[in-house]
Amino acid sequence: MKPLSIKKVTIFFVLIIIFPAAIAQDQLPEKKHIIGFNGPVRINSNLINGGSVDCIFALRYGYRFSSNITAGAEFSGYYTIFLADNITDARSYGLRPGVFGRYTLFPDSRINLFAEAQIYTAYSRFIPGSDPVFDNVDERKSLGLSAYLAPGISLKSKSRKLSFDLMYKFADRSFKYGREYGVSWRLNFHF
């Protein structure tokens with residue numbers, strides 16, 4: 001019987017290490033496309049004190065370029081419902097189309113950390129209406145380029161088809177209620 005050469009032993013051990021990893025990847029194929037939803041209410045001081053409710057929405061599409069890097073487009077906005085009795089026909093809304101990038105730590109884990117950045121065009125409009133509260137207030141419009149950074153945590157389902165993101169957004173732009181920052185969430189579908 002011939003002794004095994006070092007080359008054959010090396011190939012054998014490489015196959016033993018690589019083959020199980022290849023099988024594990026086939027069991028949970030990597031999903032490249034992501035659709036995310038956000039809404040329906042922003043939790044802020046105006047909601048807590050009963051002054052108004054910001055109904056928010058966001059729809060995003062992302063593509064995973066690698067296990068750590070995702071990029072895509074998002075369309076989001078809000079509409080404010082005023083709760084005070086003396087405000088009946090005032091309106092406030094905003095639209096924010098933009099692009100985002102995301103870096104994920106521990107992408108193969110069901111619980112992972114991420115950081116994302118988004119650049120968007122921010123359009124907002126406030127129409128004071130005929131209420132006496134707004135006698136000295138003019139209609140306001142705002143249009144500009146803005147951005148936010150958001151660190152967060154993501155929880156994935158066992159099948160990796162759903163994930164829930166919880167993040168804290170820091171934005172560079174001031175809107176009607178002060179700086180845009182705070183806790184936000186998103187539900188994602190992976191395919």
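Anything mentioned here points back to the structure above.
This section reports on the structure supplied with the text. (Residues numbered from 1 in each chain as written. Predicted model: local features only at pLDDT ≥ 70, side-chain atom pairs only at ≥ 80, totals over all residues. Heavy atoms only, no water.)

Thoughts on the pairing of strand S6 (residues 111-127)
With 13 bridges joining them, strand S5 (residues 91-105) and S6 adopt antiparallel strand pairing. Bridging from a neighbouring strand, Arg-102 pairs with Glu-116 of S6. The turn linking S5 back onto S6 is made up of 5 residues, and Phe-106 within it adopts a positive phi angle of 55°. Bridge count for S6 against strand S7 (residues 140-156) is 16 bridges, and the pairing is antiparallel. Of the residues in S7, the one forming a bridge with Ala-122 is Gly-144. (Pairing = 2+ DSSP bridges. Helix = DSSP H or I, 4+ residues; strand = E, 2+ residues; numbered from the N terminus.)

A short note on the packing of aromatic side chains
One pass over the full model with this rule turns up 10 aromatic pairs. Taking 5.0 Å as the distance between ring centres and 75° as the angle between the ring planes, the aromatic pair formed by Tyr-63 and Phe-65 counts as edge-to-face. For Tyr-63, a relative accessible area of 30% gives the class partly exposed. Each ring, one from Phe-126 and one from Phe-134, has its centre 5.3 Å from the other, and the planes form 70°; the classification is edge-to-face. In this structure Phe-126 comes out as buried when scored by relative accessible area, which is 8%. Chaining the aromatic ring pairs together yields one cluster made of Phe-82, Phe-126 and Phe-134. (Phe/Tyr/Trp six-rings, centres within 6.5 Å; stacked < 30°, edge-to-face > 60°. Buried < 20%, exposed > 50% of the residue type's maximum accessible area, 1.4 Å probe, protein only.)

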